[in-house]
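Residue strings, one per chain:
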Amino acid sequence: MSRRDWQQVNQLRDGEMAKIDLSATPIAEVVRNSRIEAALVVRKSPVEVVVEVYRYDPVDMPLPINLDRYVVWERLPPHRNFAAMVNAASTEDNANMRGFLDDHVFFVKDVVREGHRLSALPEQVEALISRGDAAS
């Protein structure tokens, strides 16, 4: 996703969350055929942002809400092996590559963990989506 588009969506301080329109994000196609109950962006710290997608799936009754998390890389995480990524992508570490990284943020599917299936939306999510404003 372009950094410019991301900055228009994500103007949160630490601990804040807001609704997000997924249509402008790289995960729009992934969720297109799903019944989305809520989609939020959560700034957990100055360097950690997560997009939380709450999908309804009746097949999973009695826990029909599936929580999918996407970690947003606003900068390439320091623990990633940049050289290996460049080689795997069959590209070069040059000005073009560095410009691309500077101009974009990346959504990375988080691992499925405990709490993936829920019986209902969490209270704070319900409150945010019913309130209608952007930040919490």
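Values in this document were obtained by computation on a predicted structure and should not be read as measured data.

K.L.:
Report on the nonpolar core, specifying residues and quantitative values.
P.N.:
A general feature of soluble globular proteins is that nonpolar side chains tend to end up buried together. Within the largest apolar cluster, 17 residues are counted, with the highest numbers of intra-cluster contacts made by Trp6, Leu22, Val41, Val51 and Phe107. In terms of residue count, the dominant contributor to this core is strand 3 (residues 48-56) (three residues). Val51 has contacts with Trp6, Ile20, Leu22, Ile27, Leu40, Val41, Asp68, Arg69, Tyr70, Val72 and Phe107, leaving out every residue within four places of it along the chain. Within the second largest apolar cluster, eleven residues are counted, among which are Tyr54, Leu118, Leu121 and Val125.

K.L.:
Give a detailed account of the pairing of strand 3, specifying residues and quantitative values.
P.N.:
Strand 3 sits mainly inside the fold: seven of its nine residues count as buried. Direction of pairing for strand 2 (residues 35-45) relative to strand 3: antiparallel, over a ladder of nine bridges. The residue bridging Leu40 from the neighbouring strand is Glu52, located in strand 3. Bridging between strand 3 and strand 4 (residues 65-73) involves eight bridges; their strand directions are antiparallel. If you follow Val51 over to strand 4, its bridge partner there is Tyr70.

K.L.:
Give me the confidence of the model for the protein: which residues, what numbers.
P.N.:
Taken residue by residue, the protein gives an average pLDDT of 83. The fraction at 70 or more is 87%. No element of the protein has a lower mean pLDDT than helix 3 (residues 82-88), at 69, and none a higher one than strand 6 (residues 117-118), at 94.

K.L.:
Kindly report on unusual backbone geometry, identifying the contributing residues and their values.
P.N.:
For the peptide bond that leads from Met61 to Pro62, omega is 10°, which places it in the cis range. Considering the arrangement of structural elements, one finds Pro62 in the loop between strand 3 and strand 4.

K.L.:
Please give an account of the side chain of Asn66 that cites residues and values.
P.N.:
Along the chain, Asn66 turns up in strand 4. Within the local environment of Asn66, its side chain forms a polar contact with the side chain of His116, the two groups lying 3.1 Å apart. Not counting chain neighbours up to four residues away, the residues in contact with Asn66 comprise Val53, Tyr54, Arg55, Asp57, Asp60, His116 and Arg117.

What counts and what doesn't
Residues numbered from 1 in each chain as written. Predicted model: local features only at pLDDT ≥ 70, side-chain atom pairs only at ≥ 80, totals over all residues. Heavy atoms only, no water. Core = buried A, V, L, I, M, F, W, Y, C linked by side-chain atoms within 4.5 Å. Buried < 20%, exposed > 50% of the residue type's maximum accessible area, 1.4 Å probe, protein only. Helix = DSSP H or I, 4+ residues; strand = E, 2+ residues; numbered from the N terminus. Contact = heavy atoms within 4.5 Å. Pairing = 2+ DSSP bridges. pLDDT = per-residue confidence, 0-100. Polar contact = N/O pair within 3.5 Å; in protein donor to acceptor, adjacent residues only side chain to side chain.

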